[in-house]
Structure formats: structure tokens, C-alpha cells
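Each chain, written out:
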Amino acid sequence: MSSVEMGSMVKKRDIQALSRPIPTGKEIKISSQKMLVSKTNSKGVIIYGNENFVDISGYSESELIGTPHNILRHPDMPKAIFYLMWQRIRKGKNIMAVVKNLSKSGDHYWVTTDFDIRRDRDGKINSYMAFRQSAPKHVVDTIEKLYAKMLEIESEHSMDESLEYLDGYLEERGVDYDKFIEDLAAPKGISATFFKKMKEMFSRD
Ligand SMILES: Cc1cc2nc3c(=O)[nH]c(=O)nc-3n(C[C@H](O)[C@H](O)[C@H](O)COP(=O)(O)O)c2cc1C
């Protein structure tokens, strides 16, 4: 792991200090060979980013480190997805999610994200790692429609209703969230092997 990591020395920066990019609608295509890795403290403040993660974000390493991870939040992402994600990882459980991220230029990129939960010697969660790989077009096509509907519900009603919509969507398909994402977006074949190896590599330190 490179010198980017700053661990607990990190100083929280006010995200408002960096102005929000305006989405351009232009997609950044990421090679499936690339893994975008970031690490946060227990509150979601970035403490590490690998080269791919930094490059694609468009921000400099120093802009990212010490900044809340929502610096990459795209306005097309439903709140409910992050709610589910946080609910799960706070309990120390993994979750896979398809996420649309906003780069500094306003362009966006779609990734499948997987987490790793890190604990201190007392078993208390002290950091989270996120491993991302580009999401294939068929995954984006499916998820984009679902997110658009959830977003519409969130803007006209509430996040609870968006979660209810998601429950109904999954029920209709006879699956739970994990099975849905696993079938749709989990890396398969060579891609899965690469994903696993990269996770193992980062788990060694
Ligand atoms: C390890 C880790 C990685 C994350 N990666 C992303 C990410 O790539 N994009 C993103 O929008 N949010 C990411 N988040 C979630 C953000 O912390 C935040 O919840 C989300 O952007 C929603 O922002 P909001 O809470 O201000 O609405 C990550 C959180 C953690 C713990």
C-alpha cells in the first residue's frame, strides 16, 4: 500500500470547501482490469485512495484525503442505497452495491462496490475499505431504471417510501437485495478471480 494512507492522523475537511461539480452526463469508461480502492475511517472520511481511485475521481490526493466520501456522490444516486449500505457495514457486514460516482469534472462512472470491514484489537470497527470495478452496461441499464424510480419517489415522497418500492421490486422477483445484486452485478469468471485476489492483497496489511 502506498504512502497515501494517513490513518488516524486525518483531519476532517469541510466538504463545502470544495464546490460541487455540475454533472455533464458524460460517462467515463473504466477498464475491467482496474480496481478502484479507497479506505475511510469509521465515519466515512477518506484516509486512503489507490492510484486508480484518485486518477478517475479527478481530484488530487490531497483534496481527497480528509474529505467525506460523499465528495463523489452523484445526484442520481438514491439516498436509500447509501442508507442500506451504512446500516449493513456499521454492523460489520458486507454489502455489494452498484454506484454512480461523480468526478471533479462532472463526468460520471459506474462501479460495482464491495466492502471490507476493519476492526481494532478490541473488535471495534475503525475503518472500511471499498473495492470497485467498472459495472458492465447490462448492469447499468437495469440499475439505472431502478434508481431513477427510487429517486423520483425520494423527491416526491420520502426515503422510507423509496425503500418500500425497493422491497416490492425485489419481492416481485422473488429475491432479497443480496441475491439480486449478486446475480446482476457480482464479478464472474476471470473478473471474480481478479477481484478476490485484489481484495486479498489489500487485506494483508
Ligand atoms: C468505504 C466507503 C466507501 C464509500 N464510497 C462511496 C463512493 O464511491 N461514492 C459515494 O457516493 N459514496 C460512497 N460512500 C458513502 C458515503 O459515505 C455517503 O454515505 C454517500 O455518498 C451519501 O452521501 P450523503 O450521506 O451525504 O447523502 C462510501 C462509504 C464508505 C464507508
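Counting from 1, residues in each chain are numbered in the order their sequence is written. In view of the model being predicted, local features appear only for residues whose pLDDT reaches at least 70, and side-chain atom pairs are presented and counted only at 80 or more, with totals across whole chains, interfaces and linings using the full set of residues.

Colleague: Describe in detail the pairing of strand β2 (residues 46-49), supporting the description with residues and values.
Modeller: Remark: a regular strand shows side chains that alternate across the two faces of the sheet. Where strand β1 (residues 36-41) meets β2, three bridges bridge the pair, whose relative direction is antiparallel. Within the sheet, the bridge partner assigned to Lys 39 lies in β2 and is Tyr 48. What makes two strands pair is DSSP finding at least two bridges between them. Only DSSP runs of H or I with at least four residues qualify as helices, and only runs of E with at least two residues qualify as strands; both kinds are numbered from the N terminus onward. Here β1 folds back onto β2, and the loop between the two strands holds four residues, one of which, Gly 44, carries a positive phi near 90 degrees.

Colleague: I'd like a rundown of the site of the ligand, residues and numbers included.
Modeller: Close contacts around the ligand come from 15 residues, with Gly 44, His 69, Asn 70, Arg 73 and Ala 130 the closest. Residue contributions to the shell around the ligand peak at three residues, all from helix α3 (residues 79-90). The residue makeup of the shell around the ligand, split by class, is seven nonpolar, six polar and two charged. Each residue receives a C-beta atom placed from its backbone. It is near a molecule or strand if this atom lies within 6 Å of it. Each residue receives one of three labels: charged for Asp, Glu, Lys and Arg, nonpolar for Ala, Val, Leu, Ile, Met, Phe, Trp, Tyr, Cys and Pro, and polar for the others, Gly being one of them.

Colleague: Describe the packing of α3 against helix α5 (residues 159-173), and please don't skip the residues or the numbers.
Modeller: Orientation of α3 relative to α5, taken along the N-to-C sense of each, is 80 degrees, at an axis distance of 9 Å. When the axis of α3 is compared with that of α5, the two are roughly perpendicular. Across the interface between the two elements, Lys 79, Ala 80 and Tyr 83 from α3 touch Met 159, Ser 162, Leu 163 and Leu 166 from α5. For the contact of α3 with α5, the residue count by class is five nonpolar, one polar and one charged. Where helices are involved, their axes are fitted lines through C-alpha atoms of the stretch in contact, as for all axes, and angles between N-to-C directions lie from 0 to 180°. Orientation categories follow fixed angle ranges, with anything under 35 degrees roughly parallel, anything over 145 roughly antiparallel, 65 to 115 roughly perpendicular, and all other angles oblique. Contacts are defined on C-beta atoms placed from the backbone: any two residues whose C-beta positions lie within 7 Å are in contact.

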